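# Report on the structure
If you want the building blocks of each chain, they are given just below.
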Amino acid sequence: MFGWRRNLFPLVAAAAMARGAAPPPAPYGALPTERQRIAQENPAFAFVHFTVNTFTDREWGLGDEPESVFNPTDFDADQIVRTAKDAGLSGLILTAKHHDGFCLWPSAFTEHSVKNSSWKSGRGDVVRELADACHRAGLQFGVYLSPWDRNRADYGRPEYLTYYRNQLRELLTHYGPIFEVWFDGANGGDGFYGGAREKRKIDNATYYDWPTTWAIVRELQPQAVMFSDAGPDVRWVGNEKGFAGDPCWATIDATGMFPGKADPKILNAGTRGGTSWIPAEVDVSIRPGWFYHEKEDEKVKSVAQLLQIYFESAGRGARLNLNLPPDRRGQIAPRDAAVLREWGRVLRTTFARNLAEGALAIATNTRGDDHNYSPERVLASDAAHYWATDDDARRAELTLIFPAATTFDVVRLREPITLGQRIDSFQLDAWIDGAWREVAHGTSVGSQRLMRLAEPVATTKLRLRIEAAASPALAEWSVFALAPATEPP
Ligand code: FUL
């Protein structure tokens, strides 16, 4: 359960001692897999909700929509991808099929798809165009394939699972590398179901036989992470409002949870010392709805709201999946694009300059007094190199001494997560008017912890007091000045 790295630890430690260096700390608790570690290094990406709903003005299609309804007037995959890229997002997940069952690619297993729409005379493929545009622009591409299908006559019977898995295979073999597969837990019961128009209830725990479906993803796209309420790689954060818990532990006890069946409070906070490493993902829309509705053009979130969302999702060690729904043209609407551009600019500008660079770092404890684990390792943003303490340490202090008074209002901490989530809590003190004053504190750190201070702090000295469940280690401690934002008119 704790991954292959734990088994390698004695070898790594022995090799380090043979060189006369201190061995790395033993990993603590549940650990990330390599695919999870990589996923947590890219914590913000786009969600794209697009289907018949965009044209019927609904959030959940019934499944009886004629294919002709889907007819974007000027679909532009490059515009969508460019907007996500300008916002600083590293990938994009498309609703290849939402609950209504309409497929945005010409699936060989159904007639209910773009191939029977009037868009591009039935020769279009939204999945292809967006996957290609992502790969051209250096963005990762992922798919959402709704398990609930209100169009299918066989939904609720075993035959549907064969259909669902066939579709998954199509998506995972024809469109290049996939970085994330999104398994939604929603099921509202009623639907068209091939004309039956009735309510169908399934048992979340048994009907979908998830392990068999997950194995297809592992077989065809082994690097992809899988999202659902319960993982296996990434868990839902328990709300669609844009915030992870404080704390938000990457670990959780997922036994008994399934897509569509998990306690949102537990998902939001995770479980300290939980048996599995399944970090949270925060899915939230830039608009009130997941799909584009003209009546919501005035309700696009502001740059300030998106910044708050960023700090409370990616800033709490979760992943941010920000939904940008294309309009009826098949493009991101002007206001959404303007807000995203400014939000991306503010984040890029803010994090371009680590004001702690050039500071002197000293610690109350350095592992084996070994340069490999020295405190200045925290000054560079490089998870492979970290400050670490001796095995018996559970508390330690790290101090930064700046060459001149430095003003900042954002702090970033990162643990080397291949060693597990070790830190229990921390306090940050600034040297102000000849004394230490606490300016921030927190609990979970993990892959990233961002703190936005209520007001800028000007100081020559900072101190971090850490308490940990296993000898503390820290890969990064940086400070930044938040760039001012201008709301688009
Ligand atoms: C939910 C769905 O029901 C919504 O329509 C949307 O796709 C959201 C991301 O997940 O469960």
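All values derive from a computational prediction rather than experimental measurement. (Residues numbered from 1 in each chain as written. Predicted model: local features only at pLDDT ≥ 70, side-chain atom pairs only at ≥ 80, totals over all residues. Heavy atoms only, no water.)

Okay, the site of the ligand next. Neighbouring the ligand are the residues Phe47, His49, Trp60, His98, His99, Tyr144, Trp182, Asp184, Ala186, Glu240, Asp283 and Trp290. At 2.7 Å, a side-chain N or O of His49 approaches an oxygen atom of the ligand. In the environment of the ligand, an oxygen atom lies 2.7 Å from a nitrogen or oxygen atom belonging to the side chain of Asp184. Protein chains bury 91% of the 290 Å² of accessible surface belonging to the ligand in isolation. Taken together, the residues that form the shell around the ligand break down as 6 nonpolar, 3 polar and 3 charged. (Near = heavy atom within 4 Å. Polar contact = N/O pair within 3.5 Å; in protein donor to acceptor, adjacent residues only side chain to side chain. Areas by Shrake-Rupley, 256 points an atom, 1.4 Å probe, with all protein chains shown as cover. Nonpolar A, V, L, I, M, F, W, Y, C, P; charged D, E, K, R; others polar.)

What holds strands together in a sheet is hydrogen bonding between their backbones, with the strands either parallel or antiparallel. If you walk around this closed barrel you meet the 8 strands as S1-S2-S3-S4-S7-S8-S11-S12, and the pairing is parallel. Pairs of neighbouring strands in the sheet enclose a mean axial angle of 25°, with direction left out of account. (Pairing = 2+ DSSP bridges. Helix = DSSP H or I, 4+ residues; strand = E, 2+ residues; numbered from the N terminus. Axes fitted to C-alpha atoms, helices over the stretch in contact; angles between N-to-C directions.)

Now for the nonpolar core. The biggest cluster of nonpolar side chains holds 86 residues, and the ones touching the most others in it are Phe70, Leu92, Val126, Leu130, Phe141, Val181 and Trp343. Two domains share this core, each providing at least three of its residues, namely domain 1 (34-351) and domain 2 (358-480). The residues touching Leu92, leaving out its near neighbours within four places in the chain, are Ala46, Val48, Ile80, Val81, Leu130, Cys134, Gln140, Phe141, Gly142 and Phe179. Core analysis: the second largest hydrophobic core is formed by 30 residues, Val378, Leu400, Leu413 and Ala430 among them. (Core = buried A, V, L, I, M, F, W, Y, C linked by side-chain atoms within 4.5 Å. Buried < 20%, exposed > 50% of the residue type's maximum accessible area, 1.4 Å probe, protein only. Domains from an automatic or database assignment. Contact = heavy atoms within 4.5 Å.)

A word on the environment of Gln223. On the secondary structure map, Gln223 appears in the loop between helix H7 (210-220) and strand S7 (225-228). Judged by relative accessible area, Gln223 falls into the partly exposed class, the value being 40%. Separated by 187 residues in the primary sequence, Gln223 and Gln36 place their C-alpha atoms 9.0 Å from one another. Once residues within four sequence positions are removed from consideration, Gln223 is found in contact with Arg35, Pro177, Ile178 and Phe179. Side chain to side chain, Gln223 and Gln221 meet in a polar contact 2.8 Å long.

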